[in-house]
Amino acid sequence: MTPSKITMSNGQLNVPDCPVIPFIEGDGIGPDVWSASKMVLDAAIEKTYGGKKKIEWKEILAGEKAFNKTGEWLPAETMNIAREYLVSIKGPLTTPVGGGIRSLNVAMRQELDLYVCLRPVKWYKGVPSPVLHPENVNFVIFRENTEDIYAGIEFEAGSENAKKLLHFLTDELGAGKKIRFPETSAFGIKPVSKEGSVRLIRAAIEYALAQKAPSVTLVHKGNIMKYTEGAFKIWGYELAEREFGDQVYTWGQWENAKKTQGEDAANAKLKNAEAQGKLIIKDVIADNFLQQILLSPKDYSVIATLNLNGDYISDAAAAAVGGIGISPGANINYNTGHAVFEATHGTAPRFANTNTMNPSSLLLSGVMMLEYLGWHEAAQNIEEALAVTIKRKRVTIDFYNLMHDATLLKTSEFALEIIKNLKG
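Structure report, in brief. All of these numbers come straight from a predicted model, not from anything done at the bench. (Residues numbered from 1 in each chain as written. Predicted model: local features only at pLDDT ≥ 70, side-chain atom pairs only at ≥ 80, totals over all residues. Heavy atoms only, no water.)

### Brief notes about the packing of aromatic side chains
What describes a pair of aromatic rings is the distance from one ring centre to the other and the angle between the planes of the rings.
Then comes step 1: The final tally for this structure, using the stated rule, is nine aromatic pairs.
Then comes step 2: Here the aromatic rings of F67 and W73 are separated by 4.7 Å at their centres, their planes lie at 20°, and the arrangement is stacked.
Then comes step 3: By relative accessible area, F67 is classed as partly exposed at 36%.
Then comes step 4: Given a relative accessible area of 24%, W73 falls into the partly exposed group.
Then comes step 5: The lysine or arginine in question, K5, covers the ring of Y85, its NZ or CZ lying 5.3 Å from the ring centre.
Then comes step 6: The positively charged end of R143 is found above the aromatic ring belonging to Y150, 5.1 Å away from the centroid. (Phe/Tyr/Trp six-rings, centres within 6.5 Å; stacked < 30°, edge-to-face > 60°. Buried < 20%, exposed > 50% of the residue type's maximum accessible area, 1.4 Å probe, protein only. Lys NZ or Arg CZ within 6 Å of the ring centre and 35° of its normal.)

What follows is the structure, encoded as structure tokens:
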């Protein structure tokens with residue numbers, strides 16, 4: 001097989017039998033979890049396809065390894081290769097202390113315009129959980145990935161720029177009275193655009209329709225931030241009704257029916273839409289949603305939300321199914337095809353090179369990558385083998401400490417155990 005690039009044409013990803021996929025092994029525990037994950041990915045592809053498919057891995061540098069070799073935390077060459085080869089995968093990266101890049105992860109997302117942060121939340125039988133029924137938690141979060149406060153528009157308290165902005169807010173916009181302690185206030189700007197919101201919500205709706213999911217929930221704090229998060233909700237309803245027509249029924253339509261025809265008629269329309277299998281588009285205030293994912297997680301299947309909400313929600317939801325150590329993530333631009341799959345946890349430098357940490361977050365991100373490539377059989381093979389391994393209580397230290405009568409495995413041993421349980 002000749003290694004070749006993944007390409008994008010007419011909105012479709014063209015994946016050869018031997019795609020070249022760049023990888024960043026990551027900092028801290030990154031090399032350990034990457035080595036284990038790569039071992040399982042390669043074995044699953046070989047066993048599933050009998051040698052007819054394989055991945056040609058191409059290392060690119062970011063984080064401490066890049067800085068030590070090149071003097072840069074995120075070399076231009078790395079971004080050029082990620083842009084050229086479309087699909088890549090990475091371990092956790094250190095955020096440099098001091099000036100310059102605030103976050104390597106955020107920098108990569110913004111540079112490649114990876115506007116969807118995709119975070120599936122699913123429980124695997126046997127994984128220790130703090131909730132009574134973790135099996136009820138099974139949804140996918142679409143987090144807007146390029147705007148909100150993550151745009152990094154901040155001004156330090158007492159700085160000249162903070163003073164200029166305070167002057168503008170006070171003298172030009174008449175908002176001075178709303179700033180309680182103006183002389184010691186720092187300022188952050190929260191940009192939320194119609195374009196950014198719509199493309200994120202569109203991706204969530206298209207995914208939900210393809211998966212035959214019952215609903216998409218717009219999570220927002222529009223009761224307080226009316227022109228940013230409130231607009232996100234309004235734009236979402238407008239998009240759903242404009243572009244998806246009879247395939248969906250929105251709570252906006254329910255509200256309108258309630259005003260014009262009464263609550264009973266509105267409820268009848270909603271029930272009829274559900275009976276017809278239409279995708280229901282609804283919304284929930286963010287703080288209430290954090291409660292509802294514990295009290296009634298069955299009510300949610302696909303979530304669309306802004307950047308900061310998505311950050312909070314994805315980690316909180318992950319806790320219900322065992323923590324971010326087993327939670328995968330992806331950053332995707334569905335228009336260009338660019339995607340970076342990544343571990344969702346940090347670098348845990350204290351445990352670097354100990355071969356003890358759970359590689360499941362990065363491995364399951366690799367499973368998401370295989371699904372993105374259309375290699376669903378290999379993805380399913382890994383998921384099932386991982387589930388069997390955990391069910392048999394042959395686990396790394398994080399799960400071992402929370403299980404009764406489990407067998408403690410090193411990171412590499414855990415990978416080998418998964419490989420043993422692969423089909424083919």
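Past the structure itself, the notes keep going.
### Description of the sheet that holds strand β4 (residues 56-59)
Note: strands within a sheet are paired through backbone hydrogen bonds, in either parallel or antiparallel orientation.
Then comes step 1: In space, the eleven strands of this open sheet follow the order β4-β3-β5-β15-β14-β6-β7-β13-β10-β12-β11, with mixed pairing throughout. If you trace the sheet from one side to the other, it starts and ends with β4 and β11 (248-250), each paired once. Across the sheet, the mean angle from the axis of one strand to that of its neighbour is 25°, orientation sign disregarded.
Then comes step 2: Relative to strand β14 (residues 328-332), strand β6 (residues 116-122) is paired through three bridges, and the arrangement is antiparallel. Residue pairing across strands places C117 opposite N331, the latter belonging to β14. (Pairing = 2+ DSSP bridges. Helix = DSSP H or I, 4+ residues; strand = E, 2+ residues; numbered from the N terminus. Axes fitted to C-alpha atoms, helices over the stretch in contact; angles between N-to-C directions.)

### What about helix α9 (residues 263-275)?
Then comes step 1: Its 13 residues give α9 an end-to-end C-alpha distance of 18 Å, which sits within 8% of 18 Å, the value for a rise of 1.5 Å per residue.
Then comes step 2: The inward-facing, buried residues of α9 abut β11, α8 (251-261) and β12 (279-285).
Then comes step 3: Looking one or two residues past α9, G277 carries a phi angle of roughly 80°, positive in sign. (Expected span 1.5 Å × (residues − 1). Contact = heavy atoms within 4.5 Å.)

### What to know about the environment of Y400
Then comes step 1: Topologically, Y400 is positioned in helix α14 (residues 397-400).
Then comes step 2: Given a relative accessible area of 33%, Y400 falls into the partly exposed group.
Then comes step 3: Along the backbone, Y400 and V127 are 273 residues apart, and their C-alpha atoms lie at a distance of 9.9 Å.
Then comes step 4: Not counting the four nearest positions on each side in its chain, Y400 is found in contact with V395, A406, T407 and L408.

### With respect to the layout of surface pockets
Then comes step 1: Counted as a void, the largest pocket has a volume near 1200 Å³.
Then comes step 2: Where the lining of the largest pocket is concerned, the elements lending two or more residues are β2 (12-14), β6, β7 (138-144), α6 (194-210), β14, α12 (360-373) and α13 (376-391).
Then comes step 3: A per-element tally of the lining of the largest pocket places α12 first, with six residues.
Then comes step 4: Per-class residue counts for the lining of the largest pocket are 25 nonpolar, eight polar and four charged.
Then comes step 5: The wall of the second largest pocket is formed by 15 residues, among which L169, A175, G188, I189 and K190 lie closest to the centre.
Then comes step 6: Elements represented by at least two residues in the lining of the second largest pocket include exactly α5 (160-172) and β9 (187-188).
Then comes step 7: Classifying every residue of the lining of the second largest pocket by side-chain character gives eleven nonpolar, two polar and two charged. (1 Å grid on protein atoms, 1.4 Å probe; cavity = no way out; pocket = protein on both sides within 12 Å on 5 of 7 lines; lining within 4 Å. Points joined across faces, edges and corners; volume = space filled by probe spheres on them. Nonpolar A, V, L, I, M, F, W, Y, C, P; charged D, E, K, R; others polar.)

### Details of helix α1 (residues 30-49)
Spacing of three or four residues puts side chains on the same side of an α-helix, whose turn is 3.6 residues.
Then comes step 1: Here α1 spans 28 Å end to end across 20 residues, near enough to the 28 Å set by a 1.5 Å rise per residue.
Then comes step 2: Burial in α1 covers these residues: G30, D32, V33, W34, A36, S37, V40, L41, A43, A44, I45 and Y49.

### Looking at unusual backbone geometry
Then comes step 1: Of note, D113 is a non-glycine position whose phi angle comes to about 55°, a positive value.
Then comes step 2: Relative to the helices and strands, D113 resides in the loop between α4 (104-111) and β6.

### Examining the pattern of salt bridges
Then comes step 1: Considering all chains together, one arrives at 21 salt bridges under this definition.
Then comes step 2: Here D315 and R119 are joined by a salt bridge, their closest N and O atoms 3.4 Å apart. Taken together, the residues span a long stretch of sequence, with D315 in helix α11 (residues 307-320) and R119 in strand β6 at a distance of 196 residues.
Then comes step 3: The class of R119 is buried, set by a relative accessible area of 6%.
Then comes step 4: Between R242 and E243 there is a salt bridge, and its shortest N-O distance comes to 3.9 Å.
Then comes step 5: Take E243: its relative accessible area is 38%, and that puts it in the partly exposed class.
Then comes step 6: Sharing partners across several salt bridges, the network here consists of E25, E59 and K65. (Salt bridge = Lys/Arg side-chain N within 4 Å of Asp/Glu carboxyl O.)

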